[in-house]
Amino acid sequence: TIQEILQGMCGPEDEQANLGSRPYRTRPEFTPASASGVGAPHGALVVEPLHVTYEGYTYRHGVIAYIAGRPPSPIVLVHHNYAGSKQFDFDQAAFLARCGYVGVAIDTYREEQLVGHPDSDLKYPFEDRDPRRDLVFYGTPAEHGMTEAQSSRAQRHWEGAFAAMYGLLRTPIHWRGLLKAWLDRAREHPAAHPSYAGAIGYCLGGQSILEQVRAGHDLQAVVAFHGLLHSRPECEARKSDKSKFRQRMTQEEFEADDTIVKAENKYATGCKVLIENGDLDNHVPIESLDEFRAEMDAAQIDWQVNNHARTPHGFALPPGHWATGYHEDADRRSTLSMLRLFAEVWPEYPQYPVRTNACGTVLGQSNVLHSSKL
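I will try to describe carefully the structure that is included in this document. For clarity, every value in this text was computed on a predicted model and none was experimentally measured.

What follows covers the overall build of the protein. Summing up its helical and strand segments, the protein has 10 helices and eight strands in all. Across the 374 residues in the protein, those meeting the buried criterion constitute 57%. If you take every contact in the protein between residues at least 6 apart in sequence, the share linking residues at least 24 apart comes to 71%. When the accessible surface of the protein is summed, it comes to about 15,700 Å², and 51% of that surface belongs to carbon and sulfur atoms.

Before going further, it helps to spend a moment on the environment of P49. Relative to the helices and strands, P49 is located in strand β1 (residues 45-54). For P49, a relative accessible area of 54% corresponds to the exposed category. Distance in space between the C-alpha atoms of P49 and R60 is 7.8 Å, their sequence separation being 11 residues. In this structure, P49 is in contact with A35, G62 and V63, ignoring residues within four places of it in sequence.

This paragraph deals with the packing of helix α6 (residues 172-187) against helix α7 (residues 204-215). One way to put it is that α6 packs onto α7 with a least axis distance of 10 Å and a crossing angle of 85°. When the axis of α6 is compared with that of α7, the two are roughly perpendicular. Taken together, the residues of α7 that come into contact with α6 (itself represented by P172, W175, R176, L179 and L183) are L204, Q207, S208, E211, Q212, R214 and A215. Tallied by class, the residues present in the contact of α6 with α7 amount to six nonpolar, three polar and three charged.

To continue, consider the nonpolar core. Taken as a class, soluble globular proteins show a tendency for nonpolar side chains to be buried jointly. Residues F95, V104, I200, M338 and F342 are the most contacted members of the largest nonpolar core, which totals 104 residues. The greatest single-element share of this core, amounting to nine residues, is contributed by helix α5 (residues 148-169). Beyond its immediate chain neighbours, meaning those up to four positions away, F342 contacts V76, L96, Y101, I200, A221, V223 and Q351.

Turning our eyes to something else, we now look at the packing of aromatic side chains. Taken as a whole and assessed by the stated rule, the structure comprises 14 aromatic pairs. Consider the rings of F88 and Y202, whose centres lie 5.4 Å apart with planes at 70°: the pair is edge-to-face. Here the residue F88 occupies a position in helix α3 (residues 87-99), and Y202 occupies one in strand β5 (residues 192-202), the gap between them amounting to 114 residues. Overall, the relative accessible area of 2% leaves F88 in the buried class. Between W158 and F162 the ring centres are 4.7 Å apart and the planes differ by 40°, which places this aromatic pair in the tilted class. Taken as a pair, W158 and F162 lie in helix α5 at a separation of four residues, close to a single helical turn. The ring of F254 carries the charged tip of K262 above its face, separated from the ring centre by 5.7 Å.

Moving on, we get to the sheet that holds β1. Picture the strands of a sheet paired through backbone hydrogen bonds; they go either parallel or antiparallel. Taken in spatial order, the eight strands of this open sheet run β1-β2-β4-β3-β5-β6-β7-β8, and their pairing is mixed. Sheet topology places β1 and β8 (302-308) at the edges, where each strand pairs with a single neighbour. If you compare each strand with its neighbour and ignore which way they point, the axes differ by 20° on average. Across six bridges, the pairing between strand β3 (residues 73-79) and β5 is parallel. Each residue of the ladder has a partner; that of L77, found in β5, is A199. Packing of helix α10 (residues 328-345) onto the sheet brings it into contact with β3, β5, β6 (221-225), β7 (272-278) and β8, and relative to β6 it is tilted by some 175°.

Each value, and the rule that gives it
- Residues numbered from 1 in each chain as written.
- Predicted model: local features only at pLDDT ≥ 70, side-chain atom pairs only at ≥ 80, totals over all residues.
- Heavy atoms only, no water.
- Helix = DSSP H or I, 4+ residues; strand = E, 2+ residues; numbered from the N terminus.
- Buried < 20%, exposed > 50% of the residue type's maximum accessible area, 1.4 Å probe, protein only.
- Contact = heavy atoms within 4.5 Å.
- Areas by Shrake-Rupley, 256 points an atom, 1.4 Å probe, with all protein chains shown as cover.
- Axes fitted to C-alpha atoms, helices over the stretch in contact; angles between N-to-C directions.
- Parallel < 35°, antiparallel > 145°, perpendicular 65-115°, else oblique.
- Nonpolar A, V, L, I, M, F, W, Y, C, P; charged D, E, K, R; others polar.
- Core = buried A, V, L, I, M, F, W, Y, C linked by side-chain atoms within 4.5 Å.
- Phe/Tyr/Trp six-rings, centres within 6.5 Å; stacked < 30°, edge-to-face > 60°.
- Lys NZ or Arg CZ within 6 Å of the ring centre and 35° of its normal.
- Pairing = 2+ DSSP bridges.

Here you go:
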């Protein structure tokens, strides 16, 4: 039922009820002054549409955010969660621009002819990506609060999002190629530094940043927020297992499945990897952390993991957002940890103090880069 879907994605209602008392809205400081850098006043936030065409399909739901008048700055790709690119991702790109970088929210989902999915008629339109925007009864039993139209929209969201996500997991060679196409496209923009780049991602987006590392993409730093540490699809025989981790294929099952279009691992050994994990995340048990550690150490990757106490999956998604498990302290600490990593790898680029991130979490501090020359 839709009620079961809501609980499965968002956790028990008694834990989540306070998170949906207000709908998600773009904060004023992340509302762009211009949709084009042409003629934009110095210091204005610019958020431009950014498209990429890959394997004959044009992905239209990306944006590039920057501050007019600043010199070319490091790119930070923003990888969406299972739902696909949406307003929160665009706003987080704007937050990164305010901090001193070029935020690029990318989109990896087609709206039709979904990659890796057998039903060629299944569609996942952009308007179905964030169904909670009009669910005013969020936090109460959904069956009492949803209209028939809202219930239908939530069902379409569920079916489309997971078809698109599992399609990527079954076609890693396509997935990695698309991520590289977005990185290359971002580097063409005059606001972007020609070689400095990083990436952040949420949930599936955490898997995306690790796929970029495995593919050897030219990045200096990547950060996963409540991301899975592997990119394997579900195992049909274990779909009902209580552990989200054990519902997925093992590495041996993944390698043995000839229907998965695999890609060679080349590893970006110069890239620093930061994992921001919730200790209560059922997708990332100890055995997943152990597997991740072994993989990264074998590839000589510089990695670190911050494990946040009593924190669930989805902790860095904002209140009022579909699939949120928002945890204010974990979101604040993980955001500041991300910014410290960027200061470490790009010390010559100043970070500008920004009061809140796109979630509205008050950060309370900022980094001072004494070696900054810009």
